[in-house]
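Report on the structure
Each chain is listed here by its residues.
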Amino acid sequence: MKRIEWTLKKVSIDNVVFGEGIPKIIVPLVGKTKVEILQEIEIVAQSDCDVVEWRIDHYEKVLDFEETATFSKKVKQAINKPLLITFRTVKEGGVCPLQDEKYFELYHALMERGDLDLLDIELFMPTEAVKKAVSKAHEKGIKVIMCNHDFDKTPTKEEIIQRLRTMQEKEADICKIAVMPQNTHDVIVLLDATQEMYHNYADRPLITMAMGKLGVVSRVSGATFGSSATFGAAKQVSAPGQVSVNKLKNILTSL
């Protein structure tokens, strides 16, 4: 079978380039109030991260879409780094129930009246709504990280690759998948799927990880297999298995 060779695209936001150099470190903000979020930002500012993710599903006023869009401007100004905004749905590990149509209404409000560099869109959302959101993001110069999180298990290697390829087909700028390993073999499955996707199919940056204690090795060694970024904690973790930013930076630099 002929091996397919792609030219891997890089994704640049300011001076941060996904797909080049050591993996980029993304740090989440998970405060509930404005005060808590701004306090987290002070801590994040002292860390050596590359991108800040605002997990708006934790924000107490997230259902006030205009307020959330307005506050995103203050968050962006305060962090002085590329800002990724994420509403994580309950089915993929989030904390705030929200109907699909409201999810996209919120995202369109953010894109129209907020300030952000990257937007997280879940793969298994309604196809047409995803298409419109991706198109709107690109019109606004916003990059899309399309993602899937499986907190119950690790899919087969073939299924992981298929989901990542589907994200590419849906015009994601960066394709992300996170899975929950039940044993060390599951971690190997995730890493094997990553390297096969990277070498045989990927034409844009990937972010992959296994969660939990078993999966920590994937967060620090993902670049060896083709993952372009990882998530670290400056204060409070947003997913099981996250490592502190400073430890993560040292490990990544050494590797």
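As the structure is a computational prediction, the values presented were derived from the model and not from experiment.

Some points on the packing of aromatic side chains
This model, assessed by the stated rule, comprises six aromatic pairs. Measuring from ring centre to ring centre gives 4.9 Å for Tyr103 and Phe104, while their planes differ by 80°; the resulting arrangement is edge-to-face. Residue classification places Tyr103 among the buried positions, given a relative accessible area of 0%. For Phe104, a relative accessible area of 6% puts it in the buried group. Taken together through their ring pairs, the aromatic side chains of Phe87, Tyr103, Phe104 and Tyr107 make up a single cluster.

Let's talk about the pattern of salt bridges
A complete count under the given rule lists 16 salt bridges for this structure. Of the charged contacts, one joins Arg88 and Asp120 as a salt bridge, the two residues approaching to 2.9 Å between their closest N and O atoms. Note that Arg88 is positioned in the loop between β5 (83-86) and α3 (100-113) and Asp120 in strand β6 (residues 118-122), a separation of 32 residues in sequence. Of the residues examined, Arg88 reaches a relative accessible area of 3% and is grouped as buried. Where salt bridges share partners, they join Glu112, Lys136, Glu139 and Lys140 into one cluster.

Observations regarding empty space enclosed by the protein
If you walk through the whole model with that rule in mind, you get two cavities of 30 Å³ or more. In this structure, the second largest cavity occupies an estimated 40 Å³ of space. As for the second largest cavity, its lining consists of Pro23, Thr208, Ser218, Arg219, Gly222, Ala223, Ser227, Ala229, Thr230 and Leu252. When contributions to the lining of the second largest cavity are tallied by element, the ones reaching two or more residues are α7 (216-225) and β10 (229-233).

Re the UniProt feature "active site" (unreviewed entry) in the protein chain
Per the UniProt entry, the sites bearing "active site" (unreviewed entry) are His149 and Lys176 in this numbering. Despite a sequence span of 28 residues, these residues sit close together in the fold, their greatest C-alpha distance being 8.5 Å. With respect to the helices and strands, His149 occurs in strand β7 (residues 143-150). In contact with His149, other than residues within four places in its own chain, are Arg88, Glu92, Lys176 and Ala178. With respect to the element layout, Lys176 can be found in strand β8 (residues 174-179). With a relative accessible area of 5%, Lys176 lands in the buried category.

Section: unusual backbone geometry
Even without being a glycine, Asp14 presents a positive backbone phi close to 55°. By the secondary structure assignment, Asp14 is in the loop between β1 (11-13) and β2 (16-18). A positive phi angle, close to 55°, is found at Asn80, a residue other than glycine. Of note, Asn80 is situated in the loop between α2 (65-79) and β5. The exposed category is assigned to Asn80, whose relative accessible area is 71%.

Let's talk about the UniProt feature "binding site: 3-dehydroquinate" (unreviewed entry) in the protein chain
As annotated in UniProt, the feature "binding site: 3-dehydroquinate" (unreviewed entry) corresponds to Glu53, Trp54, Arg55, Arg88, Arg219, Ser238 and Gln242 in the numbering used here. Restricting the annotated residues to those that line the second largest cavity leaves Arg219. As for its position among the elements, Glu53 is in strand β4 (residues 51-55). Judged by its relative accessible area of 2%, Glu53 falls in the buried class. Here Trp54 shows up in strand β4. Overall, the relative accessible area of 0% leaves Trp54 in the buried class. Discounting chain neighbours no more than four positions away, the residues touching Trp54 are Leu29, Ile37, Tyr59, Thr68, Phe71, Ser72, Val75, Leu83, Leu84, Ile85 and Thr86.

Points about the pairing of strand β9 (residues 206-210)
The buried fraction of β9 is high, at five of five residues. Both faces of β9 are covered, namely the face carrying Leu206, Thr208 and Ala210 and the face carrying Ile207 and Met209. In this fold, β8 hands off to helix α6 (residues 184-200), which returns the chain to β9; that crossover is right-handed.

The rules we used
- Residues numbered from 1 in each chain as written.
- Predicted model: local features only at pLDDT ≥ 70, side-chain atom pairs only at ≥ 80, totals over all residues.
- Heavy atoms only, no water.
- Phe/Tyr/Trp six-rings, centres within 6.5 Å; stacked < 30°, edge-to-face > 60°.
- Buried < 20%, exposed > 50% of the residue type's maximum accessible area, 1.4 Å probe, protein only.
- Salt bridge = Lys/Arg side-chain N within 4 Å of Asp/Glu carboxyl O.
- Helix = DSSP H or I, 4+ residues; strand = E, 2+ residues; numbered from the N terminus.
- 1 Å grid on protein atoms, 1.4 Å probe; cavity = no way out; pocket = protein on both sides within 12 Å on 5 of 7 lines; lining within 4 Å.
- Points joined across faces, edges and corners; volume = space filled by probe spheres on them.
- UniProt positions renumbered as here; feature names shortened; annotations may be inferred.
- Contact = heavy atoms within 4.5 Å.
- Right-handed = clockwise from strand over helix to strand, strands pointing away.

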